[in-house]
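Take a look at the letters that make up each chain.
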Amino acid sequence: MSAEREKSPRRGMCAAVLALEAITVGLATPVLISIENVGVGLALTLGLGLCVICLVLSGMLRRPWAYTAGWVVQVAAIAMGFLTPIMFVLGIVFAILWAMADLLGRKIDRERAAAYAALDAQLAAESGETGQDVG
């Protein structure tokens, strides 16, 4: 199977969302400390912890469970709004981006698989007619 067939638009789009979200929650850490007066330990644990989780998870998207974990990250990002209200807005924005990347990515993956299956069937039929091996 060619490398092109292995590429998943869903994985690429979801990884991009998580990478951008990592930057956002990472930059929320100093806001938690300086503006919202959240304790340094808690702010570092939540902000930078969620940042690292986003980055690690973006690399784990080859595994099906990582997409479920991505949804959990979206809930956590929204929940950060209880500490700094702007994260309600940003968390919802990223949850929408995640949903679109996940759901549209699934649709694109299904359509690509169907198109490749149709191409394979057509090539198999053509090779059967001519008696040669197409590879």
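Residues numbered from 1 in each chain as written. Predicted model: local features only at pLDDT ≥ 70, side-chain atom pairs only at ≥ 80, totals over all residues. Heavy atoms only, no water.

(A) View of the confidence of the model for the protein chain. Within the protein chain, residue pLDDT values average 91, and 93% of them lie at 70 or more. For the protein chain, the element scoring lowest by mean pLDDT is helix H1 (residues 3-6), at 71; helix H4 (residues 65-79) scores highest, at 97. (pLDDT = per-residue confidence, 0-100. Helix = DSSP H or I, 4+ residues; strand = E, 2+ residues; numbered from the N terminus.)

(B) Quick look at the packing of helix H2 (residues 9-34) against helix H3 (residues 40-59). Where H2 contacts H3, the two axes come as close as 8 Å, and the packing angle between them is 170°. The angle between the axes of H2 and H3 places the two elements in the roughly antiparallel class. For the pair formed by H2 and H3, the contact residues are Ala15, Leu18, Ala19, Glu21, Ala22, Val25, Gly26, Thr29, Leu32 and Ile33 on the first element and Val40, Ala43, Leu44, Gly47, Leu48, Leu50, Cys51, Cys54, Leu55, Leu57 and Ser58 on the second. Partitioning the contact of H2 with H3 into residue classes produces 16 nonpolar, four polar and one charged. (Axes fitted to C-alpha atoms, helices over the stretch in contact; angles between N-to-C directions. Parallel < 35°, antiparallel > 145°, perpendicular 65-115°, else oblique. Contact = heavy atoms within 4.5 Å. Nonpolar A, V, L, I, M, F, W, Y, C, P; charged D, E, K, R; others polar.)

(C) Structural detail: the side chain of threonine 24. Looking at the element boundaries, threonine 24 is found in helix H2. Judged by relative accessible area, threonine 24 falls into the buried class, the value being 19%. Those residues in contact with threonine 24, other than ones at most four positions away along the chain, are Leu90 and Phe94. (Buried < 20%, exposed > 50% of the residue type's maximum accessible area, 1.4 Å probe, protein only.)

(D) Spatial organisation of the side chain of serine 127. Counting through the fold element by element, serine 127 comes out in helix H5 (residues 86-130). We classify serine 127 as buried; its relative accessible area is 16%. Side-chain polar atoms of serine 127 contact the backbone oxygen of alanine 124, separated by 3.0 Å. (Polar contact = N/O pair within 3.5 Å; in protein donor to acceptor, adjacent residues only side chain to side chain.)

(E) Structural detail: the packing of aromatic side chains. Applying the stated rule across the entire model yields three aromatic pairs. Measuring from centroid to centroid gives 6.4 Å for tyrosine 67 and tryptophan 98, while their planes differ by 35°, and the two rings are tilted. Of this pair, tyrosine 67 sits in helix H4 while tryptophan 98 sits in helix H5, and the two are 31 residues apart along the sequence. Between the aromatic rings of phenylalanine 82 and phenylalanine 88, the centroid separation amounts to 5.1 Å while the plane-to-plane angle is 85°, which identifies the pairing as edge-to-face. Looking at phenylalanine 82, the relative accessible area reads 70%, which means it is exposed. You can call phenylalanine 88 partly exposed: its relative accessible area is 29%. Here the aromatic cluster, defined as three or more aromatic residues joined through ring pairs, consists of Tyr67, Trp71 and Trp98. (Phe/Tyr/Trp six-rings, centres within 6.5 Å; stacked < 30°, edge-to-face > 60°.)

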